[in-house]
Amino acid sequence: MYDYSSISLAISYQEKLYMVVSRGIEQMSFVQIQACMDDYKHKISTNQLTTNDIKGSTFGISNLGMYGIDRFDAMIYDDDCAIVAIGAIENGQISITFTIDHRIINGVDAAKFVQTIKILAKDTQFFQRNM
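This report concerns the structure included in the present document. Predicted model only: the values in this text are computed from it and were never measured.

Regarding the nonpolar core
Listed in full, the nine residues of the largest apolar core are Ile-7, Ile-25, Phe-59, Cys-81, Ala-82, Val-84, Ile-100, Ile-105 and Ala-110. When sequence neighbours within four positions are dropped, the list of residues in contact with Phe-59 reads Ser-6, Ile-7, Ser-8, Asp-80, Cys-81, Ala-82, Ile-83, Val-84, Phe-98 and Phe-113.

Considering the layout of surface pockets
Considering only enclosed or pocket space, the largest pocket measures out at about 1,800 Å³ in volume. Forming the walls of the largest pocket are 48 residues, and the residues nearest its centre are Ile-7, Phe-59, Ile-61, Val-84 and Ile-117. Mapped onto the lining of the largest pocket, the elements with two or more residues apiece are strand 1 (7-13), strand 2 (16-22), helix 1 (30-45), strand 3 (59-63), strand 4 (82-90), strand 5 (93-100), helix 2 (107-122) and helix 3 (124-129). With seven residues, the top contributor of residues to the lining of the largest pocket is helix 2. Here the residues of the lining of the largest pocket sort into 35 nonpolar, 10 polar and three charged. For the second largest pocket, the calculated volume is near 310 Å³. Lining the second largest pocket, in full, are Ile-89, Gly-92, Gln-93, Ile-94, Ile-96, Phe-98, Val-114, Ile-117, Lys-118, Ala-121 and Lys-122.

Cut-off values and rules
Residues numbered from 1 in each chain as written. Predicted model: local features only at pLDDT ≥ 70, side-chain atom pairs only at ≥ 80, totals over all residues. Heavy atoms only, no water. Core = buried A, V, L, I, M, F, W, Y, C linked by side-chain atoms within 4.5 Å. Buried < 20%, exposed > 50% of the residue type's maximum accessible area, 1.4 Å probe, protein only. Contact = heavy atoms within 4.5 Å. 1 Å grid on protein atoms, 1.4 Å probe; cavity = no way out; pocket = protein on both sides within 12 Å on 5 of 7 lines; lining within 4 Å. Points joined across faces, edges and corners; volume = space filled by probe spheres on them. Helix = DSSP H or I, 4+ residues; strand = E, 2+ residues; numbered from the N terminus. Nonpolar A, V, L, I, M, F, W, Y, C, P; charged D, E, K, R; others polar.

Spelled out as structure tokens, the structure:
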């Protein structure tokens, strides 16, 4: 749907939640993505976050699994086409719930996307190749 991928990621700091945006993420390695997140954490902790840092995303990620929440539904942020809600690891498995705006993405295409994510998540070589 978009010519680029700009992912918003929920980051909490001192009882506040920020949805920071990484632009052109499809061209980044996992190491580069981590560096981008570290930069945002620094900006948030030093009160240097700008409006540009939280606008322009196309897809969101929210993780309450770190708080022991098994499963939840996340609300789509601003103009995003979808958001993924990541739950806690239980018995070696993780719950992932997608909320998709069907005004933007066809349901069949969304199902194929989720199916691809499931395949990639089981492929340990995928993560090693992209580090």
